[in-house]
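Remarks on the overall topology
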Amino acid sequence: MRRYGGSMRRSLRRRRFLPACVLGLFLLIPLEDSRPTDAQAEYDRIRLSFLHGQLEDCQRRAEQDYRSFAARDPEWASRFRLLEAEAMVRRGLYDDALTLLAGFSPAANDPQETVQQLTLESIALTRQQQLSLAGERIARAGELCRETAYPACGSVLRARGILAASQGNFSQARQLFLDTLSFAQAHRDRFLEASAALNLGWAAIQVEHYDEAVDWSRTAYNDSVELGAQDLAESSSGNLGWAYFRLGDTERALQLFLEAEKEAEKIGNTASALGWLTTVGYVHQQDGDLKEAANSYDQALALAVAIRSREDIVNTLEVLAHLSIDAGRLDQAAGYLDRLAPLLRSSQNRLDELDVLLAQGRIAAARGPDASHDAQAEAIFRTVAADPASQTSMRLGAEHELARLEERRGDLAAADRMYATALDAFEQARSRLRNEDSKLPFLTNAAPIYDDYIHLLVKQGRADQALAVADHSRARTLAAGLGLTIPAQPVALSAGRIARDAGATLLFYWLGASQSYLWAIAPEKTALFALPPSREIGRMAGRYRDALLGPGDPLDSADPGGQALYRMLVAPAASLIAPGSNVVILADGALSQLNFETLLVPGPKPHYWIEDATVVSAPSLTMLASAKPPAAGRRSLLLLGNAVSPDREYPNLPNASLEMRRIESHFTAQDQTVFAGQGANPDAYAASSPQQYAYIHFVAHGVASLTDPLDSAIILSRSTAADDSFKLYARTIIQHPLHARLVTISSCYGGGTRTYAGEGLVGLSWAFLRAGAHTVIGALWEVSDDSTPALMDALYAGLEQGLPPSAALRQAQLALLHSHGDYRHPFFWAPFELYTGL
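Read on for a plain summary of the structure. Nothing here was measured: the structure is a model prediction, and the numbers come from that model.

Across the sheet, 3 strands lie side by side as E11-E12-E13; this open sheet has antiparallel pairing. The sheet is open, and its two borders are formed by strand E11 (701–703) and strand E13 (727–729), each paired with just one other strand. Across the sheet, the axes of successive neighbouring strands diverge by a mean angle of 25°, strand direction being ignored.

Moving on to empty space enclosed by the protein. Quantified by volume, the second largest cavity comes out at close to 90 Å³. Looking at the lining of the second largest cavity residue by residue, the class counts come to 11 nonpolar, 4 polar and no charged.

When two helices pack together, their arrangement is given by the angle between the helix axes and the distance between those axes. At a minimum axis distance of 11 Å, the contact between helix H16 (residues 330–345) and helix H17 (residues 350–367) shows a crossing angle of 155°. Viewed along their axes, H16 and H17 adopt a mutual orientation that is roughly antiparallel. In the crossing of H16 with H17, the sense of the turn from one axis to the other is left-handed. From H16, Leu 330, Asp 331, Ala 333, Ala 334, Leu 337, Leu 340 and Leu 344 reach across to H17, where they touch Asp 352, Val 356, Ala 359, Gln 360, Ile 363, Ala 366 and Arg 367.

If you check helix H26 (residues 534–549), its first and last C-alpha atoms are 22 Å apart, about what 16 residues at 1.5 Å a residue would give, namely 22 Å. Looking at the buried side of H26, the elements it contacts are strand E2 (516–522), strand E3 (525–531), helix H27 (560–569), strand E5 (600–601), strand E6 (607–608) and helix H35 (826–829).

The next thing to look at is the state of the cysteines. Following the criterion strictly, the structure yields 1 disulfide and no others. Put simply, Cys 145 and Cys 153 are joined by a disulfide, and their sulfur atoms are 2.1 Å apart. Since a negative S-S torsion denotes a left-handed disulfide, the Cys 145-Cys 153 link at about -100° is left-handed.

Let us now look at the nonpolar core. Grouped together as the largest cluster of nonpolar side chains are 243 residues, with contacts concentrated most on Phe 596, Trp 609 and Phe 768. Counting residues per element, this core draws most heavily on H17, at 9 residues. Once residues within four sequence positions are removed from consideration, Trp 609 is found in contact with Leu 507, Tyr 566, Val 570, Ile 577, Val 583, Ile 585, Phe 596, Glu 597, Leu 599, Val 601 and Val 615. Tyr 43, Ile 46, Leu 55 and Phe 69 belong to the second-largest nonpolar core, a separate cluster that totals 13 residues.

This next bit is on unusual backbone geometry. In this chain, Gly 368 is followed by Pro 369 through a cis amide linkage whose omega measures 5°. Within the fold, Pro 369 resides in the loop between H17 and helix H18 (371–386). Even without being a glycine, Gln 129 presents a positive backbone phi close to 65°. Tracing the chain through its elements places Gln 129 in the loop between helix H5 (111–127) and helix H6 (131–147).

A separate point is the packing of helix H20 (residues 412–431) against helix H22 (residues 447–459). Here H20 crosses H22 at 150°, and the two axes come no closer than 10 Å. The pairing of H20 with H22 is recorded here as roughly antiparallel in orientation. Where H20 crosses over H22, the handedness of that crossing is left-handed. Side by side, H20 and H22 meet where Leu 412, Ala 415, Asp 416, Tyr 419, Ala 422, Leu 423 and Glu 427 of the first sit next to Ile 449, Tyr 450, Asp 452, Tyr 453, Leu 456 and Leu 457 of the second. Residue composition of the contact of H20 with H22, by class: 10 nonpolar, no polar and 3 charged.

For the rest of this paragraph, the subject is the layout of surface pockets. As a volume, the second largest pocket reaches approximately 600 Å³. If you go around the second largest pocket, you meet 25 residues; those closest to its centre are Ala 502, Leu 624, Ala 627, Thr 775 and Thr 836. Of all the secondary structure elements, the ones that give two or more residues to the lining of the second largest pocket are helix H25 (495–502), strand E4 (582–586), strand E7 (614–617), helix H28 (621–626), helix H34 (805–817) and strand E18 (832–836). Considering only residue class, the lining of the second largest pocket consists of 15 nonpolar, 7 polar and 3 charged.

Thresholds, definitions, all that
Residues numbered from 1 in each chain as written. Predicted model: local features only at pLDDT ≥ 70, side-chain atom pairs only at ≥ 80, totals over all residues. Heavy atoms only, no water. Pairing = 2+ DSSP bridges. Helix = DSSP H or I, 4+ residues; strand = E, 2+ residues; numbered from the N terminus. Axes fitted to C-alpha atoms, helices over the stretch in contact; angles between N-to-C directions. 1 Å grid on protein atoms, 1.4 Å probe; cavity = no way out; pocket = protein on both sides within 12 Å on 5 of 7 lines; lining within 4 Å. Points joined across faces, edges and corners; volume = space filled by probe spheres on them. Nonpolar A, V, L, I, M, F, W, Y, C, P; charged D, E, K, R; others polar. Parallel < 35°, antiparallel > 145°, perpendicular 65-115°, else oblique. Left-handed = near helix turned anticlockwise from the far one by under 90°. Contact = heavy atoms within 4.5 Å. Expected span 1.5 Å × (residues − 1). Disulfide = S-S within 2.5 Å. Core = buried A, V, L, I, M, F, W, Y, C linked by side-chain atoms within 4.5 Å. Buried < 20%, exposed > 50% of the residue type's maximum accessible area, 1.4 Å probe, protein only.

Here it is in structure tokens:
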């Protein structure tokens, strides 16, 4: 939010995951009679608890009613028995369910109950990796359904899909789930329809169609919530998290996994709870927190053993093996693989076999270097990479390991080729994604490969090619959205020419796990400097950001952190930066949230770097090379602000009208279009044809979404009675092409709060660049409603004098810095950063 008021306070893998199948569908079968009425009413109550996901309660009550009716009404007892078994299967109590069903006899030889029994047995056997027996059961159920289309036959289709997926036949599984969906729609069975959507999302994950997985999982979640089906909603939410995880969006994934695990535990769904515990471990492992990952996996394994779920035991043993390899505990990893061997012999699952192979290869490579282990590792990695059943993550993992193996052997040419092969496979997978939301985080999957490849090239003395590879990973979604053609492979860059055309020294950063780099690029020279690992840089940048937002002025105390960051990030390139010149920062990782202008230049008289240079940010060298000056035209302004408060969370801004009047004073009446009050709403922005304006300015609250940056929004007046009609979302902004010379978002966190590998800081500023704006001014933190009117007045005065946006913004910031009073604190002048696009 934008701050108002006088006081300044501190502002604030590898593996596929098979979610539990969702049943709860046999219960919708109409009962022919209503005898006895108390049994019907009781059955309906328990059925409702099942449909709402109250599985433990459903199982307990169904068992009680089975015993109650066993002697006086065998038909009702039979129905309660099936309901009890169904709850067991849904909870992951597969052995218990199979034992119960083994002694079950349908009342009056009812063929429909036989279908239900066989289907439940098939699903339980599938989960226990007894696939041949599962196939026999479901084939018999299918024969009965060919004779008569019972309502239970929709669940037969779904069970066949689950079995097909367990056998690795994902195309067949998807078709069976589509058939289930058609059956549900024809029979108006909304629970089966939601279940089919859930399973279609799961199937899409298995074949790495993550856009499709997100769509199906959202549909399943929304339908489940509407139906009050807690277990369906829990599974859909977790599957959505799994899709985001495989896209590389670990923060959003972790949030969804934790919510799903908590909900599964609450409703007594042990199988789902252990599954989500495992996925929580995946996130911790990818983030390098091996201790927390091991804790999650150990809990999941204990639950899997407790409910005797062979499939989940296999899954957790596999991930524990990989985790042990990451931790260097090779004997422990081999022990997990030994425990897996007898379980895999009966599973007939090629994905499991390939994952174990990959682990064996990693162990062999880690036990080297020697000819025997290296040869064994190479053979295994090539097998996994070439196998048609391998998922992209497995192929990337195997090819990455091969590249590292060749590098260790000293065959750098072979390593180079293998890195290029791995990155080509990644780009092919990326090209299949459709949605911006999916493309943004996806580079995370290849970041370790890029990192190792760049280190190899630098080690070989090929710094220019390393720069080309690093830049090839940058701003891909942004550039593609603007119509730029990105070559499939990195191409040589004329870095000096790009710097000359930009009239600036370019500082290009790459933050690596073990070593980071700075390329300082001037028209006449490019120099490479080694920097500390990304974790160390991130910690330093975070501490200094806290100091900038604190009550004291870092300049007054000559803050050691601000000086250390300058020495680390800028001083190595100082000889290439003339006093008073332009500098373009091409940041990476945590540096995307650091305003370099605030770094403290050491010396007898420390000062902020903004005193020495005009600093702007850019997404990539490729985009800088494609930049063109904005087309000449009239100085037209689109100004929106001083909106009507939509609710208490976004109160009126007392100084918004003052800021707007000051901005208006720099344009003639015929050159400005102003929407204020109720008229300042998202619909007005869309209807104004924003592409016709040279300057666009918002005076409003802003909200940045950490979990979904394209849900970041400018807060305006309500357009309609809809709950969120007052939000101009980033995802809406990118749908309206722009040609603006400058867009200014005079609101909090206009720059965004979420950094993606390769794309940098994504939020409102990114969205306006993506829409076509040449430059955007956005904020890295809260904006003061008191000081901002003066800063914006000075900004537009500079623009009116003919200064470029970068120089005009610097002039306005220096005016506050050199003032006497609170506004000289960087909290007031330093949140605003200028981003340049095309």
